[in-house]
Amino acid sequence: MWQFVVWGLMGAAANRTLAFLEANRRVKGPPWRYPKGPGGRYYLFACALHCGLAAMVTSAAAASDLIDAPWLAFACGASAPAVMAKLGRYALWALPPGPGGDDEDDGPGQAG
């Protein structure tokens, strides 16, 4: 099972590499540089969080026998941050509105 977690980490690293290359091309330089970026330490922290999330999701999928091949673990790790973010939006949308009002009534796939 731990091999699948390693494959999931590699998938997450591939995802973050592609995101970095796209951002680097868009801003024509390192995307983490001040004043327009969050800074290198924050960028590395975000990458570590994404890889940790991918490891947790891949580990859970492997433990429940959903993954039986390394390429599935790689794909699970690469897609874990995006899938979990979408699930989080659905969960927040399903909660009743707070006392401040219901501005967030558009649903998870709608623009606010």
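A quick note: this is a predicted structure, and the numbers were derived from the prediction, not measured.

Further remarks concern the side chain of Thr58. Within the secondary structure layout, Thr58 lies in helix H2 (residues 40-63). In this structure the side chain of Thr58 is engaged in a polar contact, spanning 2.7 Å, whose partner is the backbone oxygen of Ala54. Setting aside residues up to four positions removed in sequence, Thr58 forms contacts with Phe4, Val5, Gly8, Ile67, Ala73, Cys76 and Gly77.

Glancing now at the UniProt feature "transmembrane region" (unreviewed entry) in the protein chain. What UniProt calls "transmembrane region" (unreviewed entry) maps, in this numbering, to residues 43-63. Helix makes up 100% of residues 43-63 and strand 0%. Its end C-alpha atoms lie 30 Å apart.

Attention now moves to unusual backbone geometry. The backbone of Asp65 sits at a positive phi, close to 60 degrees, despite the residue not being glycine. Residue placement: Asp65 occurs in the loop between H2 and helix H3 (70-94). We classify Asp65 as exposed; its relative accessible area is 67%.

Quick notes on the rules
Residues numbered from 1 in each chain as written. Predicted model: local features only at pLDDT ≥ 70, side-chain atom pairs only at ≥ 80, totals over all residues. Heavy atoms only, no water. Helix = DSSP H or I, 4+ residues; strand = E, 2+ residues; numbered from the N terminus. Polar contact = N/O pair within 3.5 Å; in protein donor to acceptor, adjacent residues only side chain to side chain. Contact = heavy atoms within 4.5 Å. UniProt positions renumbered as here; feature names shortened; annotations may be inferred. Buried < 20%, exposed > 50% of the residue type's maximum accessible area, 1.4 Å probe, protein only.

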